Amino acid sequence: MKISRLLLTSAAVLALSLSAAQAKDVKKIGLAVANLQANFFNQIKQSVETEAKKRGIEVVTVDAKGDGPTQVNQVQDLLTQNIDALIYIPAGAAAATVPVKLAHTAKVPVINIDRNADGAPGDTFIATNSVSSAKAVCEHIIKQAGGKGNMVIIHGQKGTTPEVDRTKGCIEAVKANPGVKIVAEQWSNLWSQDEGFQIMQNMLQAHPDVNIVFAQADGLALGAAQAIKVANPSQKIAVGGFDGDTAALEALKNGVFDVTATQQTQKMGRMAVEMAVKIVGGEKVPAEQLLDATLTTKENVAGFIANHP
């Protein structure tokens, strides 16, 4: 019995020693961001860097400025800098798989935020449940319009995860309201306010009786609201956005547009660093981690302005 216990104890100590030897500390993380001109990505960057600093981890950040091939080159460069993990927000759908494959070839784990790559997903994917959140936004603006009317959709970048999911969620809301007709749709490249303004101007010229607008990002929504103000139509137009960008929340408080879905942006950044540490340390993590966004109107926006999640 004593010999058996001794053997078991020795085996346990050996196992712990082996696991400790195999476990690796994270010293440096690469952060490849789609476009730092967007408030959403800037919030993630700030959150990642703040959380990493608390843990004594260096972060090397690169900004693709919305260009996929540029991002591929940036990730290649990051992989030469001895990073222990890559936090990756694809700049577009077309080249999204390449950085993941490059990192995995180099045995560097990948944490995707907001956008995943079809056919080459990261080790874990952290994002908002955009389907349910977009459905809630579209239900809200349809209700504001009395459940009927002509609707336009200003899409984000075509084929990216949030664009696909937000479209799906909104269409679910439209299908449940047969009095609503989608009369125009257009895709943006950078989800930007300038694009939202230009697209909405063109849509109003072609469809002056529009009364419902779903813009798939707050930047697009702000641009659309600006175009509506300039056009000064006789009918009330309900405008919905998505993201909970800091400037957009202030605009929402002031009645510039009607509703958004506030994402847990700060939490995403913190989670990404935590997942990097766990994966590098040998822990298993979920393949997909979807967070809730909160439907945000003039009535509840103050809390998000004071403390963004």
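Throughout this document, residue positions are counted from 1 along each chain, in the order its sequence is written. Local features in this predicted model are restricted to residues whose pLDDT is 70 or higher, and side-chain atom pairs enter the listing and the counts only when it is 80 or higher, whereas totals over whole chains, interfaces and linings include all residues. For side-chain calculations, the full set of non-hydrogen atoms in the structure is used, while hydrogens and water are omitted.

*Asks:* Tell me about helix H6 (residues 161–175), and name the residues and values.
*Replies:* An ideal rise of 1.5 Å per residue puts 21 Å on 15 residues; H6 measures up with 21 Å between its terminal C-alpha atoms. Buried residues of H6: Thr-161, Pro-162, Glu-163, Arg-166, Thr-167, Gly-169, Cys-170, Ala-173 and Val-174, and no others. It only takes one pair of heavy atoms within 4.5 Å for two residues to be counted as in contact. Helix and strand definitions here come from DSSP, where helices need a minimum of 4 consecutive H or I residues and strands a minimum of 2 consecutive E residues; each element is numbered from the N-terminal end. Against the buried residues of H6 lie strand S5 (124–128), helix H5 (130–144), strand S6 (149–157), strand S7 (180–188) and strand S8 (212–215). An expected span of 1.5 Å times one less than the residue number is assigned to each helix. The buried label applies to any residue whose accessible area, calculated with a 1.4 Å probe on protein chains only, is under 20% of its type's maximum; exposed applies above 50%, and partly exposed to all values in between.

*Asks:* Could you give an account of the packing of aromatic side chains, naming the residues involved and the relevant values?
*Replies:* When two rings of Phe, Tyr or Trp (its six-membered ring) have centres within 6.5 Å they constitute a pair, described as stacked for plane angles under 30 degrees, edge-to-face for angles over 60, and tilted for the intermediate range. Counted according to the given criterion, the structure contains one aromatic pair. Between Phe-40 and Phe-41 the ring centres are 5.3 Å apart and the planes differ by 70 degrees, which places this aromatic pair in the edge-to-face class. Neither Phe-40 nor Phe-41 differs from the other in exposure class; each is buried. Think of it as a cone above the ring: NZ of Lys or CZ of Arg counts as a charge over the ring if it is within 6 Å of the ring centre and within 35 degrees of the ring normal. Against the face of Trp-187 rests Lys-158, its NZ or CZ located 4.5 Å from the ring centre.

*Asks:* Lay out the state of the cysteines with the relevant residues and their values.
*Replies:* Any two cysteine sulfur atoms lying within 2.5 Å of each other are counted as a disulfide. Scanning the entire structure with this criterion turns up one disulfide. Across a sulfur-sulfur distance of 2.1 Å, Cys-138 and Cys-170 are joined as a disulfide pair. On the S-S bond that ties Cys-138 to Cys-170, the torsion sits near -100 degrees, and the link is left-handed. Pair noted here: Cys-138 is in helix H5 and Cys-170 is in helix H6, with a separation of 32 residues, a long-range link. The exposure classification of Cys-138 matches that of Cys-170, with both residues buried.

*Asks:* Report on the pairing of strand S3 (residues 85–88), specifying residues and quantitative values.
*Replies:* In summary, the side chains of a regular strand alternate between the two faces of the sheet. Along S3, one buried face is formed by Ala-85 and Ile-87 and the opposite face, lined by Leu-86 and Tyr-88, is buried too. Two strands pair under a simple rule: DSSP has to find at least two bridges between them. Two elements, strand S1 (residues 28–33) and S3, share four bridges in a ladder whose sense is parallel. If you follow Gly-30 over to S3, its bridge partner there is Leu-86. Following the chain from S3 across helix H4 (residues 97–105) to the adjacent parallel strand S4 (residues 110–113), one finds a crossover that is right-handed. Note on handedness: a crossover is taken as right-handed if, strands pointing away from the viewer, the path from the first strand over the helix to the second is clockwise.

*Asks:* Residue-level account of the layout of surface pockets, with values.
*Replies:* Volume-wise, the largest pocket comes out at about 420 Å³. Cavity and pocket criteria rest on a 1 Å grid covering protein atoms alone: a 1.4 Å probe that fits but cannot get out defines a cavity, protein on both sides within 12 Å along at least 5 of 7 lines defines an open pocket, and an atom within 4 Å of a point defines a lining residue. Forming the boundary of the largest pocket are 27 residues, of which Ala-38, Asn-39, Leu-190, Trp-191 and Asp-245 lie nearest the centre. Contributing elements (two or more residues each) for the lining of the largest pocket: helix H2 (39–54), H6, helix H8 (218–231) and helix H9 (246–253). Class assignment for the residues of the lining of the largest pocket results in twelve nonpolar, nine polar and six charged. Volume-wise, the second largest pocket comes out at about 350 Å³. Looking at the lining of the second largest pocket, the elements that each hand over two or more residues are S5, H5, H6 and strand S11 (288–291). Grid points are joined across faces, edges and corners, and a volume is the space filled by probe spheres set on the points. For this scheme, ten residues count as nonpolar: Ala, Val, Leu, Ile, Met, Phe, Trp, Tyr, Cys and Pro. Four count as charged, namely Asp, Glu, Lys and Arg, and the remainder, Gly too, count as polar.

*Asks:* Any details on the side chain of Lys-28? Residues and values, ideally.
*Replies:* Take Lys-28: it is sitting in strand S1. Salt bridges are absent for the buried Lys-28, whose nearest opposite-charge side chain, Glu-58, sits at 4.3 Å. At a separation of 2.9 Å, a polar atom in the side chain of Lys-28 contacts the main-chain carbonyl oxygen of Gln-81. In contact with Lys-28, other than residues within four places in its own chain, are Ile-57, Glu-58, Val-60, Gln-81, Asn-82, Ile-83, Asp-84 and Ala-85. Counted charges follow a simple rule, with Lys and Arg positive, Asp and Glu negative, and His plus the chain ends left uncounted. By salt bridge we mean one thing: a side-chain nitrogen of Lys or Arg within 4 Å of a carboxyl oxygen of Asp or Glu. As used in this structure description, the phrase polar contact means that two N or O atoms lie within 3.5 Å; if the pair is within protein, one of them must be able to donate a hydrogen and the other to accept it, and residues adjacent in sequence are counted only when both atoms belong to side chains.

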